[in-house]
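Overview (structure and organization)
What follows is each chain in one-letter form.
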Amino acid sequence: MRGHESSVFSISVHASGRYAITTSSDTAQLWDLDTFQRKRKLNILQSVGIQKVFFLPLSNTILSCFKDNSIFAWECDTLSCKYQLPAPPESSSVLYKVFAVTRDGRILAAGGKSNHLHLWCLEAKQLFRIIQMPTKVRAIRHLEFLPDSFDAGSNQVLGVLSQDGIMRFVNIQTCKLLFEIGSLDEGISSSVISPHGRYIASIMENGSLNIYSVQALTQEINKPPPPLVKVIEDLPKSKLNSGGLKMKVTSGRVQRPAKSRENKIQARILKQDLTGNFENKENEASDGLNKKRLQILLKGYGEYPTKYRMFIWRSLLQLPENHTAFSSLVDKGVHVAFLNLQKKYPIKSRKLLRVLQRTLSALAHWSAIFSDTPYLPLLAFPFVKLFQNNQLICFEVVATLIINWCQHWFEYFPNPPINILSLIENVLAFHDKELLQHFIDHDITSQLYAWPLLETVFSEVLTREEWLKLFDNVFSNHPSFLLMTVVAYNTCSRAPLLNCSLRDDFEYFFHHRNNLDISVVIREVYHLMDTTPTDIHPNDKLDAFVALTKGQYPVFNQYPKFIVDYQTQERERIRNDELDFLRERQMVEDMQAEVDQQRVEDEAWYQKQELLRKAEETRREMLLQEEEKMAQQRQRLASVKRELRAKEMHLQDATRRRFLKLQQDQREMELRRLNDEIERKVHMRDQEIATTAKDLEMRHLELESQKRLYEKNLIRNQEAVAKEMREDSDTYRRKVDLEEHMFHKLIEAGQTQNQKTQKLIEENLAEAEQACLNADWRIQALHKQRCDDLQRNACYQEVAKLLRENRRKETEVLNAMVGEGARKWEEAKEKDFHLKSEKKASALSDASRKWFLEKELDDALEHAEHPYNTVPRCQSGQAASGYVPRTSQLKDSSEVDSSTHISLNQRRVQWDTMEQDLMERVRNLRQRLTAQARNRCRTPHLLAT
């Protein structure tokens, strides 16, 4: 767990479930379970370790225990130190290891490597008891209090698990060992008690899990012991006088039935001291006790033995123990008259209050008058306190008391029993007239000096032992004994009563304990019983003792029924009104509680909303800070992007420039190559022309020589010269045709290459222009978007206006682009038409040249086929004329030479014209490429601006 350097060995949760404390050997941390955040951390010295830190039950206090035996108490909300427990005495110093706290958080038990237990009172902040465990206990491994549903959290039984694997349960008030679980053979490793204290779960050392029933472990202790005295035989009265009573008496330890070996759960019960106090344990009744013998015993000792008193009472009162009838009365539930008993009689013990409430409810269900009897709780309370562990016996004792010792009490209901009080007053007048006269002089009636004693059955004026001693004698005598006790109490207290003169003094005297010996009072009662005259003696007015019937309880109707019924009706009506009032008040209280709850919830909601608002503000501030950081990061990112975009644009510009330069270099290389090719062609043509001229000159020389030879050998060499000239002419024509064909192909190849180059340049120009337009449109769009982003928060109307203006401008740009595209397409069409025109002109020129060449070729072929057509005609003419002079022949040869020279001059002129046209076209192409390159260089600068 975060914050702990060592393992966590203890976790304590607050009663509200909001906080938790985790403890390790190095530190303790307080956690908020709503947010799972650490609220506070306990820092300690390294030399002082932590034993345990935990919340006290039902409080807002944290208890921290350290290894140096120091114990501190802290306030949970403010974490301020409330107090520190003092150091334990050196005589019983224990190094604390384990701790336990009662459910009400008042007592702290601490133990360790010792057989001593320290009990601390956290209210007084002091050590109030040290319990020494048996010598077998050398170390204490675990402590835990045994809860009880009726002890209001002040647990009295402490479970102590020692090193031998046995868990012993000790009463911390009486320091008595109650019972044990576990054994040396089957020891307990760890143990835990259920919240209601009904079961104990233990993990044994062998790995098994045992579940113990606390009720089964304690029933052997709470069970009353079997009778120790049993009457074997009742002898005749003649033998009673001799005192010969035969009894079989058992003494020693009461034998318990041994448990079966099959039962794995072992529980060892402590040996009970037979001389101990058995006031709260009832003996089973027996019908064999002799009342007169008990009276003799009572007169001799003044009271019954303490450990047999309850058994003797049950025998004297002859209780029937009608379980079924009593269960039917109890099953009717709490009577409505005693629902709010705790308000009128605030009893600290919840168990005692519940038993009193059940007993009074059973009496009210038995007879209706008891629901309206105001003094019934006072009358029944001492018996309820005495018989609280056996409600059946308690109910039957009170019912027997009412039937016998409360005779004629309800005849004047709801007033006090005036007839009974009159009997007491008559007896008092007979035995102590002075005291009665003193009461009369001070207006003190029997309702003040007799009735308080009767309605409380002397429980207010006597101690527990005195009251038990008195009722030993009351239950052993006639019912009139109780009335004589009232007279005896007054006569024995005549000295202080004669000194009283105020009514309040008398009231105080009969409602509080006085310095009076109860034995003297009892002796006085017996004296009054013996000396009172018969005419005023209560014996004649009261019936003898009558026990309760078995099976069903007798009907009790010794009261004015109409009054009780009327009062019952009135009380019922008043009760209904009160219930209505209480219901309405409860509704109002519920509404008020709901309003308070709603107000608390509203306050909590407002506080929560305030916390949420603060948290929201904090989150908003954090978000604003984060947004500022994000904005700064975005600005840095935007600047980086701009730098990268600028670098990218520079790189693209440099790349484009390099590409344009490369293209320009390629075009220049192409132009240089074309120029070189043209120059080479021109040089070749010049060489050919020079060669042709030289050939012609040689031919002319040959012709001259032939002419001279012909002149010399005209007749002899005419045929040889003609043949030679024809062969030369054919060879020359073939050579010229071959040269013309090669030159024509060269021109066509140049034109085709120029056309491809021109087409590629035009396509690149169109793509570049389109890219420029797209870049311009994108730059404009980005610029407008940036403007829109900056002005968006200012006003949306202006943005909408700008958007409309932007759309209009975009429409204009699109229209302009469409127009520019149309213009470009028109220009492309014009250029295409011009190209087609050029192609047509070139085709016409080629056709004319071809036609001219074909014509010349035909003439040459015709001349080659008929080289002597003119000669025969001349010869025929000579033949006709008879003789042709030699000068005419020479003229004909000179004419042939002149015609040949004229044709060569025409071809030279045509080649010069074609050369000039080709140079002009190359010059125009260079200018266009230069202009396009300049336009491309200008466009990036415009985009950058």
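Before any of the text, the structure's been laid out above.
Description of the structure in this document. Here the structure is a predicted model, which means the values were calculated and not measured. (Residues numbered from 1 in each chain as written. Predicted model: local features only at pLDDT ≥ 70, side-chain atom pairs only at ≥ 80, totals over all residues. Heavy atoms only, no water.)

**Some details on a positive patch on the surface**
Among the surface-exposed residues, K759, K836, K839 and K840 lie close enough to one another that they form a single positively charged patch. Tracing the backbone through its elements, the reader meets K840 in helix α21 (residues 796–865). (Patch = residues over 30% accessible without salt bridge, like charges linked within 9 Å, V, L, I, M, F, W, Y side chains within 5 Å. Areas by Shrake-Rupley, 256 points an atom, 1.4 Å probe, with all protein chains shown as cover. Salt bridge = Lys/Arg side-chain N within 4 Å of Asp/Glu carboxyl O. Lys, Arg positive; Asp, Glu negative; His and termini not counted. Charge placed at Lys NZ, Arg CZ, Asp CG, Glu CD. Helix = DSSP H or I, 4+ residues; strand = E, 2+ residues; numbered from the N terminus.)

**Thoughts on the pairing of strand β3 (residues 28–32)**
Most of β3 is tucked away, with five of its five residues classed as buried. The side-chain alternation of β3 yields two buried faces, one formed by A28, L30 and D32 and the other by Q29 and W31. Judged from the five bridges that link them, strand β2 (residues 19–24) and β3 form a sheet pairing that is antiparallel. From the neighbouring strand, T23 faces β3, where its bridge partner is A28. In this antiparallel pair of consecutive strands, β2 and β3, the connection spans three residues. In this sheet, strand β4 (residues 37–42) lies alongside β3 in antiparallel orientation, the contact comprising five bridges. Among the inter-strand pairings, A28 is bridged to a residue of β4, identified as L42. (Buried < 20%, exposed > 50% of the residue type's maximum accessible area, 1.4 Å probe, protein only. Pairing = 2+ DSSP bridges.)

**Focus on the side chain of T485**
Inspection of the secondary structure assignment puts T485 in helix α15 (residues 480–492). Setting aside chain neighbours within four positions, we find T485 in contact with F458, L470, V521 and V525. (Contact = heavy atoms within 4.5 Å.)

**Details of the packing of aromatic side chains**
All told, the structure shown has 30 aromatic pairs when counted by the stated rule. Arranged with centres 4.6 Å apart and planes meeting at 20 degrees, the rings of F169 and F179 form a pair that is stacked. Within this pair, whereas F169 is found in strand β15 (residues 167–171), its partner F179 is found in strand β16 (residues 176–181), the two being separated by 10 residues in sequence. Ring geometry for F370 and F410: centres 5.7 Å apart, planes at 80 degrees, overall edge-to-face. Of this pair, F370 sits in the loop between α7 (350–366) and α8 (376–386) while F410 is found in the loop between α9 (391–404) and α10 (418–431), placing the two residues 40 residues apart along the sequence. You can call F410 buried: its relative accessible area is 2%. A network of ring pairs unites the aromatic residues F326, W366, F370, Y375, F395, W409, F410, W451 and Y553 as a single cluster. A cation over an aromatic ring shows up here: K52 above the ring of F54, its NZ or CZ 5.2 Å from the ring centre. Taking NZ or CZ as reference, K291 lies 5.7 Å from the ring centre of F545, over its face. (Phe/Tyr/Trp six-rings, centres within 6.5 Å; stacked < 30°, edge-to-face > 60°. Lys NZ or Arg CZ within 6 Å of the ring centre and 35° of its normal.)

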